[in-house]
Amino acid sequence: MVQIILPDDLYEAIKHGENLSIVDVREDDEVAQGMIPGAKPIRLGDLENRLKELDKTAKHIMVCRSGGRSAKACEILQREGLQAINLVGGMTAWNAKYSQ
């Protein structure tokens, strides 16, 4: 079962300085249009080969455009024993409230 986080809750966590790993699994052209501050871009297709870059003890918030690819990314991380949380609505939901 994939855990979820709402954009408002992620915003508050960031604002309060919680130690989170935000991983953006969108394609390069999508990432170029903007990311959540502090996010690390790793395309979904590259994720399995780059797992060693992720802290095994961190909570990883997975982000894509609308939540589908990031849900798949959560499953990949969970299979490897990492904690992964899917951002509900992805960047579409984030940008609706928090884009600049």
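For the structure itself, consult the block above.
Residues numbered from 1 in each chain as written. Predicted model: local features only at pLDDT ≥ 70, side-chain atom pairs only at ≥ 80, totals over all residues. Heavy atoms only, no water.

1. Some points on helix 1 (residues 7–15)
No. 1: Those residues of helix 1 that sit buried are P7, L10 and A13. Considered in projection along helix 1, the buried side chains sweep an arc of 125 degrees and stay on one side of the axis.
No. 2: Looking at the residues trailing helix 1, positive phi occurs at G17, about 75 degrees. (Buried < 20%, exposed > 50% of the residue type's maximum accessible area, 1.4 Å probe, protein only. Helix = DSSP H or I, 4+ residues; strand = E, 2+ residues; numbered from the N terminus. Arc of directions from axis to C-beta.)

2. Quick look at the sheet that holds strand 4 (residues 59–63)
No. 1: Within the open sheet, the five strands sit side by side as 1-5-4-2-3. Their pairing is parallel. If you trace the sheet from one side to the other, it starts and ends with strand 1 (3–5) and strand 3 (40–41), each paired once.
No. 2: Note: strand 1 against strand 5 (residues 83–87), three bridges, orientation parallel. Across the sheet, the residue bridging to I4 is N86, located in strand 5.
No. 3: Relative to strand 1, helix 1 is tilted by about 75 degrees, and along the sheet it contacts strand 1, strand 2 (21–24), strand 4 and strand 5. (Pairing = 2+ DSSP bridges. Contact = heavy atoms within 4.5 Å. Axes fitted to C-alpha atoms, helices over the stretch in contact; angles between N-to-C directions.)

3. Digging into the state of the cysteines
No. 1: One pass over the full model with this rule turns up zero disulfides.
No. 2: With no disulfide of its own, C64 lies 9.2 Å from the sulfur of C74, the closest cysteine sulfur.
No. 3: Residue C64 is classed as buried on the basis of its relative accessible area of 1%.
No. 4: C74 sits in the buried class, given a relative accessible area of 0%. (Disulfide = S-S within 2.5 Å.)

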